[in-house]
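Understanding the architecture of this molecule
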Amino acid sequence: MKYVLSLVMVALSVTNLQAQKAKESNLSIESKVQSLLSKMTLQEKVGQMTQLTLDVITKGPDRFSSTEPVELDPLQVEKAFIKYKVGSVLNTANNRARTPEVWNNIISRIQQANKTGLKIPVIYGVDAIHGATYTAGATMFPQQIAMAATRNRDLVLKGAEITAYETRASSIPWNFSPVLDLCPDPRFPRQWETFGEDPYLITELGKQMIKGYEGPGNNISDPFRVASCLKHFLGYQVSASGKDRTPAYISEQALREYHLPAFKAAIDAGAHTIMINSGLVNGIPVHSNPDILIKLLRQELGFKGLVVTDWGDIENLYQRDKIARDHKEAIMIAINAGIDMSMVAYEYERFCDNLLELVKEGKVKEERINEAVSRVLTLKYKLGLFENPVMDYKKYTKFGGSEFARAAYLAASESITLLKNSNNILPLNKNAKVLITGPNANSMRTLNGGWTYSWQGEKVEEFAAKYNTIVEAFKNKAGANQVTYIPGVSYKMSGKYFEEYEDRMQEAVKAAASADVVVLCLGENSYTETPGNLSDLYLSDLQTEFAKKIAASGKPVVLVLNEGRPRIISKFEQQIPAVIQTYLPGNYGADALADIIYGDINPSGKLPYNYPKFPNSLVAYNHKPSESRDMVQGVYNYDADYNPQWEFGHGLSYTTFSYSNLQLSSDKIASTGTITVSVDVKNTGQREGKETVELYLSDLYASITPDVKRLKGFEKISLKPGETKTVRFTLTSEHMSFIGKDNQPVVEPGEFKVEIGKLTKNFSVQ
Ligand code: BGC
């Protein structure tokens, strides 16, 4: 006991010491910032609030494009950093990934350009959203939507740590990630960048990403960590039209209930920066809204870090959203609303000149500028950029190595979700003669999606040649003789967008007849943002026609989906015995898929959204009672259309699990009380397997119509055949609360239902 006590005391004093040190270092940063600020001219201050894109300062055929190999233009560099004192750069040039060595070169030159005056280092930022996007040779993980399907906090943490390492190896200390948007709408072109449709899942995994990027104690001066950037604050991915950057209408109650929790938790977890929603919420562009940027973010959530705009979004207040009469007024509105740094991207001179004038005219107060600049400087100090503005890439010996590859492979293997397996046709026997077909069968681009070596992912084949496509992974696994590949349908670029065309379709259909099994790889090509807008959620007509023809061959078909959002397949799903969702599994996705299909890995992914069956029935799992058929007991007994193809949380295994002995520590608690829930889970099949145990909570009656159920706990466990484990959850008032009519969290007395597997038990809150 004494020993334990003294250990506890040592631990406490170490923690105190660390807290003390952190406090001192924050204090000293604060005084450094104030002292630097007092020496800065207004031009220097405005420059710190400015971010330009790399193409602006490179040599190229015109002002905003670059020649290859990329080279900085000394005149532009001088103008940006000596004349305009620009404080930040983002993105790559020519929309193309570069090696850590090239990054080191580019960023060294940028930092050296700062040779006069106060020598404030430049902060470089990129979107390394599933690995270091713009770094050649970096480790590409599954995209966030797939990471959500793993339900594995450790894998998410590891992925973020590795991404931080490889981004910093490229001398880039700032990552515009994670995406904490809630996206219950598969029409939206960026759903795959999110953790899906559930606020609790997003919150839990978001915290892991912050930990992985920023490290223990958020010590971002650590050369293997980066500053994270939460985005896109707030309500970005629920536009009414389902299209990018179009208006959203969200009540304050809904904003707080569904959209805010993940951001709040990430802010509490110490995230250093945040990016603003590019769109309109309730008719007001978020970049102009002090209620969100100041009242909610600063005063209520206590966010102390840096607020950066999304791309060109101050310009948008004038040019797109028409709330300002010119650029200058747009700048005034945004800066006064609480923006600290403008991701101007291109016309940075106009931003700087106008802001300078606005301050001189008294339309933007210098205190507001000082506040914004001190946040920029604080971030630079915390990142250690004053001492180490550039990293030595040679010291990052794990970069692109086997340890990181293994982590990405594991993440892919736990994300892939077996949706259907009639008559247990999977796993396949390695002796089976397989026809692999479909536009996604032989493409690294489709496995990775957007933000991979370029914005839209169109350069993936060039950078990812050494990794395996599905066809290659199958050949490696089962032997080249067992596998025939005929595309059937292929993608091609058409302007900015891609089209599909028949590519030996008849031949593929004929080949199906002589195969034992067909692996049909369908889905989407890569995209993000506006180029990914969609007008028809059904899988394309051509792929649907192809699927029907392949199914008509009478051979067993394994449908492999490889898509950024669930494209509807109900026109032919019934003719297909096995369906596997791979999402966007990254560079090791095909290896993981082949291991699953041939049974070396037992699948364990779970859907992070409802997979819809019809385009007019896009209802999330946590909907209201009136939206689902079996819940309606109203006067007219409406036949509400809740009929997803597969529900959130669905995902099969090659083994079976049985749930029993659901126990609650009490059946009555106070509204401030806690309750412990336990359940036994047994592997009742023949194989070892992983199972995610999910706890759903339903408030049976409440003053705001409760959702039918809400995820409030999940734990992934591994079980050997015959093995049983007890899984425990603790429910607190936070889990039982909802946002009430006054927009405040409330726990109301009444009945609650706990649901795990098919077991349920009620308790009441007094
Ligand atoms: C996207 C952001 C991204 C930014 C910088 C914007 O178009 O909406 O998510 O961080 O570009 O690349």
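Residues numbered from 1 in each chain as written. Predicted model: local features only at pLDDT ≥ 70, side-chain atom pairs only at ≥ 80, totals over all residues. Heavy atoms only, no water.

Some points on the packing of helix 11 (residues 327-337) against helix 12 (residues 348-360)
Packing of helix 11 against helix 12 brings their axes to within 9 Å, and their N-to-C directions diverge by 70°. Viewed along their axes, helix 11 and helix 12 adopt a mutual orientation that is roughly perpendicular. For the pair helix 11 and helix 12, the sense of crossing is right-handed. For the pair formed by helix 11 and helix 12, the contact residues are His327, Lys328, Ile331, Met332 and Ile335 on the first element and Arg350, Phe351, Asn354, Leu355, Glu357 and Leu358 on the second. (Axes fitted to C-alpha atoms, helices over the stretch in contact; angles between N-to-C directions. Helix = DSSP H or I, 4+ residues; strand = E, 2+ residues; numbered from the N terminus. Parallel < 35°, antiparallel > 145°, perpendicular 65-115°, else oblique. Left-handed = near helix turned anticlockwise from the far one by under 90°. Contact = heavy atoms within 4.5 Å.)

As for the side chain of Ser239
Structurally, Ser239 is set in the loop between strand 5 (227-233) and helix 8 (252-268). Exposure remark for Ser239: the relative accessible area of 3% places this residue in the buried category. If sequence neighbours within four positions are ignored, Ser239 has contacts with Asp185, Arg187, Phe188, Thr246, Pro247 and Ala248. (Buried < 20%, exposed > 50% of the residue type's maximum accessible area, 1.4 Å probe, protein only.)

Some remarks on the site of the ligand
Neighbouring residues of the ligand: 13 residues in total, closest Asp127, Arg190, His232, Asp310 and Glu529. Contact between the ligand and Arg190: an oxygen atom at 2.8 Å from a side-chain N or O atom of the residue. One of the side-chain nitrogen or oxygen atoms of Arg245 is found 2.8 Å away from an oxygen atom of the ligand. Taken by itself the ligand offers 310 Å² of open surface, and the protein chains cover 96% of this. Counted by class, the shell around the ligand contains six nonpolar, one polar and six charged residues. (Near = heavy atom within 4 Å. Polar contact = N/O pair within 3.5 Å; in protein donor to acceptor, adjacent residues only side chain to side chain. Areas by Shrake-Rupley, 256 points an atom, 1.4 Å probe, with all protein chains shown as cover. Nonpolar A, V, L, I, M, F, W, Y, C, P; charged D, E, K, R; others polar.)

Remarks on the domain arrangement of the protein
Domain annotation for the protein reports domain 1 (22-388), domain 2 (414-627) and domain 3 (655-765). Taken over C-alpha atoms, the centre of domain 2 sits 34 Å from the centre of domain 3. Buried surface at the junction of domain 2 and domain 3, summed over both partners, amounts to about 1200 Å²; 43% is from carbon and sulfur atoms. Summed over the three residues of domain 2 that lose the most area to domain 3, namely Asn602, Lys606 and Tyr621, the buried surface amounts to 42% of that side. For Glu414, the salt bridge is made with Lys690, and the minimal N-O distance between the two is 2.7 Å. (Domains from an automatic or database assignment. Buried area = accessible area lost by both parts, 1.4 Å probe. Salt bridge = Lys/Arg side-chain N within 4 Å of Asp/Glu carboxyl O.)

Digging into the side chain of Glu691
For Glu691, the location among the structural elements is in strand 22 (residues 689-699). In this structure Glu691 comes out as buried when scored by relative accessible area, which is 9%. In terms of polar contacts, Glu691 uses its side chain to reach the side chain of Lys606, at 3.4 Å. A polar contact is formed between the side chain of Glu691 and the side chain of Tyr659, at a distance of 2.6 Å. When near neighbours in sequence (up to four residues on either side) are disregarded, Glu691 contacts Lys606, Phe657, Tyr659, Val681, Glu715, Lys716 and Ile717.

Remarks on the layout of surface pockets
Here the second largest pocket defines a volume of roughly 1100 Å³. In this structure, the second largest pocket is lined by 40 residues; those nearest its centre are Asn26, Ile29, His272, Thr378 and Lys382. Broken down by secondary-structure element, the contributors of at least two residues to the lining of the second largest pocket are helix 1 (2-39) and helix 13 (366-382). Ranked by residue count, the leading element in the lining of the second largest pocket is helix 1, at eleven residues. (1 Å grid on protein atoms, 1.4 Å probe; cavity = no way out; pocket = protein on both sides within 12 Å on 5 of 7 lines; lining within 4 Å. Points joined across faces, edges and corners; volume = space filled by probe spheres on them.)

Structural notes on the environment of Leu539
Within the secondary structure, Leu539 is located in the loop between strand 16 (517-523) and helix 19 (541-552). Residue class for Leu539 comes out buried when judged on its relative accessible area of 0%. When neighbours within four sequence positions are excluded, Leu539 is seen to be in contact with Leu522, Gly523, Thr544, Arg567, Ile568, Ile569 and Phe572.

Thoughts on the environment of Leu356
The topology assignment puts Leu356 in helix 12. The class for Leu356 is buried, based on a relative accessible area of 13%. In this view, Leu356 contacts Leu42, Gln43 and Val46; residues no more than four positions away in its chain are not counted.

Re the pairing of strand 3 (residues 123-126)
What you see with strand 3 is no split at all: Ile123 and Gly125 on one side and Tyr124 and Val126 on the other are buried throughout. Note that strand 2 (residues 88-90) and strand 3 share three bridges and pair parallel. Across the sheet, residue Ser88 finds its bridge partner in strand 3, namely Ile123. (Pairing = 2+ DSSP bridges.)

Notes on unusual backbone geometry
Put simply, Lys231 and His232 share a cis peptide bond, and its omega is 0°. Mapped onto the elements, His232 comes out in strand 5. With an omega dihedral of 15°, the bond running from Phe233 to Leu234 counts as a cis peptide bond. Within the secondary structure layout, Leu234 lies in the loop between strand 5 and helix 8. Positive phi outside glycine occurs at Asn423, with the angle close to 50°. Tracing the sequence through the fold places Asn423 in the loop between strand 11 (417-421) and strand 12 (434-437).

A few points about the nonpolar core
If you look at the biggest cluster of nonpolar residues, it comprises 201 residues, and the most contacted ones within it are Phe233 and Leu355. In terms of residue count, the dominant contributor to this core is helix 8 (eight residues). Ignoring sequence-local partners within four residues, the contact set of Phe233 consists of Leu260, Phe263, Ile274, Met275, Ile276, Asn277, Val286, Ile292, Leu296, Leu297 and Leu301. Leu662, Leu719, Val727 and Val747 belong to the second-largest nonpolar core, a separate cluster that totals 24 residues. (Core = buried A, V, L, I, M, F, W, Y, C linked by side-chain atoms within 4.5 Å.)

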